[in-house]
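Observations on chain architecture
Listed below, chain by chain, are the residues.
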Amino acid sequence: MTERLWAEMYTEQIAQNIARIRAQMAEAAIRAGRKPEEIMLCAATKMNDAEAVKAAVAAGVDCCGENRVQELTAKLPQGAYEGRPVHFIGHLQTNKVKQVVGKVDLIQSVDRIELLACIDKEARKQGVVQNILLEVNIGAEESKSGFTPEAAQQAAANMTEFPGCRLLGLMAIPPVSVHPGDNCRYFAEMHNLFVDISRKTYDNVSMECLSMGMSDDFADAIREGSTMIRVGTAIFGPRNYNV
Ligand SMILES: *Cc1c(COP(=O)(O)O)cnc(C)c1O
């Protein structure tokens, strides 16, 4: 098969996958008494090349989420995300903050105060305001970074100290689930926290986004109040970690 034909088939497959996910999102929303248009679809693009990302953008994802600074830096000049916002969703080292601040519409994965302070400083240096989400380690997993729910509350209350940032919501990656539905309680806890913070009036805070739910559990996340799901595998197929 020619490379061109293969690329066309892959593009078509991505479009079909996205159409299927949209239908599943709408069904989950309606079942929960929510409006389908309340929930954004973020394509988690790690390990997929610019052509695949462009296919996802053309097929109508709401935004793209990149995990690694190196991939972001490579795909930006290739125009991979053109036409849609790009978010950073991976663990971010402070020495790479410069390469991300001002380049992405939203940093979803602000997982510690030190990183928040570093992003704030870089944003002020550039004269921009960087939109962020706080990542919450909702399963209290030792292997994961992220704020505790209490620390996230506290950080939201203190956002006035970080005028280079605007807090737009929360993000979570719950524990890998063994059985379907395992993560519902974590999603519900995240939603409670989101509502709690939303009810307060804090400077530099405008709670619009609750980012949770991935390929295997997005319907549960939508039922519990997610406003943005981040989907990789169900759009692009399995990632090949051996290349
Ligand atoms: C990879 C990734 C996703 C998507 O995971 P899938 O299971 O492939 O849908 C979502 N969020 C983050 C932060 C990721 O790294």
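Predicted, not measured: the structure shown is a model, and the values here were computed from it.

We now examine the pattern of salt bridges. Within the structure shown, the criterion is met by 16 salt bridges. Where lysine 54 meets glutamate 51, a salt bridge forms, and the shortest distance between an N and an O atom there is 3.8 Å. Residue lysine 54 and its partner glutamate 51 are located together in helix α2 (residues 50-58), separated by three residues, close to a single helical turn. Of the residues examined, lysine 54 reaches a relative accessible area of 33% and is grouped as partly exposed. Shared partners join several salt bridges into a network, and the residues in it are Glu66, Arg68, Glu71 and Lys75.

Since the α-helix advances by 3.6 residues per turn, residues separated by three or four positions end up pointing in the same direction. Turning to α2, its buried residues number three or more, namely Ala50, Ala52, Val53, Ala55, Ala56 and Val57. Summarising the contacts, the buried residues of α2 are in contact with α1 (3-31), β1 (40-44), β2 (63-66), α3 (69-75) and α8 (233-236). Just beyond α2, the residue with positive phi is glycine 60, at close to 100°.

Quick look at the side chain of lysine 75 now. In this structure, lysine 75 sits in helix α3. Taking relative accessible area as the criterion, lysine 75 reaches 4% and is therefore assigned buried. Of the polar contacts made by the side chain of lysine 75, one reaches the backbone oxygen of asparagine 48; its length is 2.7 Å.

Another point: the packing of aromatic side chains. For the structure shown, the criterion picks out one aromatic pair. With 5.4 Å between their ring centres and 25° between their planes, tryptophan 6 and tyrosine 10 make a pair best called stacked. With a gap of four residues between them, tryptophan 6 and tyrosine 10 both fall in helix α1, about one helical turn apart.

Surveying the vicinity of the ligand reveals the residues Ala44, Lys46, Asn67, Ile89, Ile173, Met214, Ser215, Arg230, Val231, Gly232, Thr233 and Arg239. At 2.5 Å, a side-chain N or O of serine 215 approaches an oxygen atom of the ligand. Here an oxygen atom of the ligand and a side-chain polar atom of arginine 239 are 2.8 Å apart. The protein chains hide 90% of the 380 Å² of surface that the ligand would expose on its own.

Here we take up unusual backbone geometry. Excluding glycine, residues mostly carry a negative phi; peptide bonds, for their part, are mostly trans. Positive phi outside glycine occurs at alanine 140, with the angle close to 50°. As for its position among the elements, alanine 140 is in the loop between β5 (130-136) and α5 (149-157). Residue asparagine 204 is not a glycine yet carries a positive backbone phi of 60°. The residue asparagine 204 is located in the loop between α6 (184-199) and β7 (205-211) in this model.

Let's shift gears to the environment of aspartate 217. Tracing the backbone shows aspartate 217 in the loop between β7 and α7 (218-223). Separated by 181 residues in the primary sequence, aspartate 217 and proline 36 have C-alpha atoms spaced 17 Å apart. The contact partners of aspartate 217, leaving out residues within four places of it in the chain, are Asn183 and Phe187. A polar contact of 2.7 Å, which involves the side chain of aspartate 217, links it to the backbone nitrogen of methionine 214.

Our next topic: the pairing of strand β6 (residues 165-172). For β6, the tally of buried residues reaches seven of eight residues, placing the bulk of the element in the interior. Assessed by its sense of winding, the connection that carries the chain from β5 through α5 to β6 is right-handed. Pairing geometry for β6 and β7, over four bridges, is parallel. In the strand pairing of β7, leucine 167 is matched with valine 205. You can see the chain leave β6, run along α6 and come back into β7, and the turn it takes is right-handed.

What counts and how
- As a convention, each chain's residues are numbered from 1 in the sequence order in which they are written.
- Totals for whole chains, interfaces and linings use every residue, but because this is a predicted model, local features are given only for residues with pLDDT of at least 70 and side-chain atom pairs only at 80 or more, for both listing and counting.
- Hydrogens and water molecules were not included; the side-chain quantities draw on all heavy atoms of the structure.
- Here, a salt bridge means any Lys or Arg side-chain nitrogen found within 4 Å of an Asp or Glu carboxyl oxygen.
- In DSSP terms, a helix is any run of H or I states spanning at least four residues, a strand is any run of E spanning at least two, and both are numbered starting from the N terminus.
- Working definition: with a 1.4 Å probe on protein chains only, accessible area under 20% of the residue-type maximum means buried, over 50% means exposed, and in between means partly exposed.
- Throughout, a contact is declared for two residues whenever any of their heavy atoms are within 4.5 Å.
- Counted as a polar contact is a pair of N or O atoms within 3.5 Å, where, for protein atoms, one must be capable of donating a hydrogen and the other of accepting one, and residues adjacent in sequence contribute only when both atoms are in side chains.
- Here a Phe, Tyr or Trp ring, Trp counted by its six-membered ring, pairs with any other such ring whose centre lies within 6.5 Å, and the pair is stacked when the planes are under 30 degrees apart, edge-to-face when over 60, and tilted otherwise.
- When at least one non-hydrogen atom of a residue lies within 4 Å of a molecule or strand, that residue is treated as near it.
- Areas reported as accessible are Shrake-Rupley estimates using a 1.4 Å probe. Residue values count occlusion only from the protein chains shown.
- Seen with the strands pointing away from the viewer, any crossover whose path from the first strand over the helix to the second strand runs clockwise is right-handed.
- Strand pairing is assigned whenever DSSP identifies at least 2 bridges connecting the two strands.

The values reported here are purely geometric and, on their own, carry no functional implication.
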